[in-house]
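Below, each chain spelled out in residue letters.
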Amino acid sequence: MSALILTSVLGVVLLYFGLFGNKKLLAPVGIVGLVAALVLSWTGWNPGIMEFPTMVEFDRMSVLFNCAMIVVTILIFLFGIDYYERMEENVAEHYALMIFSLTGAFLLTSYTNLLMLFLGIEILSIPLYILAGGKKRSYRSSEASFKYFLLGSFATAFFLMGIALIYGVTASFDLHVIQAKLATGASSNVLFLLGSFFVAIGLSFKVAAVPFHFWSPDVYEGAPTLVTAFMATVVKTAAFAGFYRFVQMTGLPPALANTLLVMTVLTLLVGNVVALRQSQFKRLMAYSSIAHSGFLLMAILANGVMTPNTLFYYTFTYALATVGLFVVLTLAKRAANGNEAITIFRGLFRANPWLAFVTMLLLLSLAGIPLTAGFIAKYQVFMLAIGAGFIKTAVFAVVMALVGIYYYVLVIREAFTPAEETPVLVVSPLNWLVITLCGISVVAFAVWPLNLVG
Amino acid sequence: MQYLFYFFAAISIISALMVVSARSPINSVIALIVCFLSIAGHYILLNAQFLAVVHIIVYTGAIMVLFLFVIMLLNLNQRTEPQKKLMTRIAAVVAGGAFLLTLLGATRQGLQIAAVNPEDASVGLVGHVGMALFKDYLLPFEVSSVLFLSAMVGAMMLGKKEKATA
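None of these values were measured; they are calculated from a predicted model. (Residues numbered from 1 in each chain as written. Chains lettered and ligands numbered in written order. Predicted model: local features only at pLDDT ≥ 70, side-chain atom pairs only at ≥ 80, totals over all residues.)

### Quick notes on the overall build of chain B
(1) Moving on: The number of helices and strands found in chain B is 6 helices and 0 strands.
(2) Moving on: Counting only residues that meet the buried cut, chain B has 12% of its 166 residues in that class. (Helix = DSSP H or I, 4+ residues; strand = E, 2+ residues; numbered from the N terminus. Buried ≥ 20, exposed ≤ 12 C-beta atoms within 10 Å, placed from the backbone.)

See below:
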């Protein structure tokens, strides 16, 4: 709760700094505030008195997810110092909106009330619609913003309809009350099923699960790289935490489980297969993110005791690898005059061997090669799915993971192929730090897998 | 009472259909106003007077006037109407039809709709709304300020004119 209040105030403070303060102070102030929020979140590990127990519940799962999201946001802010250096206007607004979005993410990981779920999703999304249009001169950025906004509003309408239907059946927004009502037989009510189906649609849109993924490549491509990194990591983590809480509270009625199963299979298939044909790095990352959504959906579908742990580990390691890669992309893109094709990575090894090595580690982690965190994460998901009896789906997911390795290796091959003229990469110390931290952590988490939610 | 409900329900459905089917955007907006008014009628039937009044003031009054202004400013006419390709139309029909089928299939066995809450005569008065807002729903009430703040920041950021330099 105190972290929630702190981040809301921090956003306002950053806006004030934008008005009166020095532009250079923005990111440091934001980072200090985020570190404080991290400490405050962590003190909630042993739950004491719960404020507003009918609205939010900061249990261990939510504390873990919140800490992970704060860490990723700190990394993105560190990256932001260099990224926003040449930008004249609205820097404070960019930082503040990201902080606000993070506030919404906190609500998504901890809600016990459908009203809070709705507010959380909206607070998470509305800053993102704006941030996606952050490059005002770029048509692509405006298109991304508008597309995301329209489709997002459409998904929200479904989502709200679902909440209304659930309310109609159970006469409550409180998930505890809903749970009690469901135990007395409301779970087979058609209106309840329709309601949870609609809520699942709204949430699937946020995690970009097929068939609600159409926005994702265009928005990833059009949005500023830093915002894309934020979208691919924090937003995905929050949306999956929210999705899991919903599934955990309402249970998975067979009708909903079947829907999720179909979506999981489709997401795995489309994400991995379409990614094979991408030549733009950001679009590749978008489809890779869709593919990862498929694995995460499978963990939710299994709905076991270990699901929150697996989700946490998967999203966190995925987020670390993704942030690192987007920083590398920005550096390579600058060297290539704004080109975003995969070929800009060519000659990376010649230009900066350490950078190329870390890039390789991050990509291998996303691909799920042993000795990286991505492998442990995928392994946990497969074990979870097999334990819950989804053997065919798990086998299919393994095949899809193997397909996925191909397009990651394609990027690695570019990085290690000598170019005709070696690109000149300018790596600021902070960017180097972010990339190195990401690289080390994906290996470190593979050696010491976190096993914290219990 | 019951007949009033059917009356309002019929108006809302017909006007909502007119919103999407009307050729001219102005007609659409006017149909939407009728739809909002009939929904306000539903609120009164449900004993939520405060909500009904707020609904009329905010939606029918403020938001729809804004809508009309925007439409007038855009100056829509035949030439600017977007051309929809045949494929888009077919895709839309297929998607809509599939969704309709899903809904029909889901509700095929019939719906059991029963009133869950007994009617409470005092529920819709301002005092009770205030009590609910500041006691039971204090946290969502406060948290929504973050939402509005970020929306305002966004409106300023996107709407502000950039300096000619740079």
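### Topic: the overall build of chain A
(1) Moving on: The secondary structure content of chain A amounts to 18 helices and 0 strands.
(2) Moving on: For 454 residues, the compact-globule estimate of 2.2 N^0.38 gives 22 Å, and the C-alpha radius of gyration of chain A, at 21 Å, lies within 12% of that figure.
(3) Moving on: The 454 residues of chain A split such that 61% are buried.
(4) Moving on: Sequence separation of 24 or more characterises 79% of the internal contacts of chain A that already satisfy a separation of 6 or more. (Rg over C-alpha atoms; globule rule 2.2 N^0.38 Å. Contact = placed C-beta atoms within 7 Å.)

### Some points on helix H13 (residues 307–335) of chain A
Residue and element names in this part refer to chain A.
(1) Moving on: The end-to-end C-alpha separation of H13 is 42 Å, in line with the 42 Å expected for 29 residues at 1.5 Å each.
(2) Moving on: Summarising burial for H13: 25 of the 29 residues are buried, a large majority.
(3) Moving on: Of the residues one or two after H13, Asn337 is the one with positive phi, at around 55°. (Expected span 1.5 Å × (residues − 1).)

### Here we look at the environment of Ala351 of chain A
All names here are of chain A.
(1) Moving on: Structurally, the position occupied by Ala351 is in helix H14 (residues 348–351).
(2) Moving on: Each C-alpha atom of the pair Ala351 and Gly439 lies 18 Å from the other, and the pair is 88 residues apart in sequence.
(3) Moving on: With near-sequence residues (within four places) excluded, Ala351 lies in contact with Thr422, Pro423, Val424 and Leu425.

### Quick notes on the nonpolar core
(1) Moving on: If you look at the biggest cluster of nonpolar residues, it comprises 190 residues, and the most contacted ones within it are Leu108, Met298, Ala299 and Val323 of chain A.
(2) Moving on: Of all the elements, H13 of chain A adds the most residues to this core, at 17 residues.
(3) Moving on: Once you skip the residues sitting within four places of it in the chain, Val323 of chain A turns out to touch Val72, Leu75, Ile76, Ala229, Thr233 and Cys438 of chain A.
(4) Moving on: Leu32, Phe36, Ile39 and Ala52 of chain B belong to the second largest nonpolar core, which has 7 residues in total. (Core = buried A, V, L, I, M, F, W, Y, C linked by C-beta atoms within 7 Å.)

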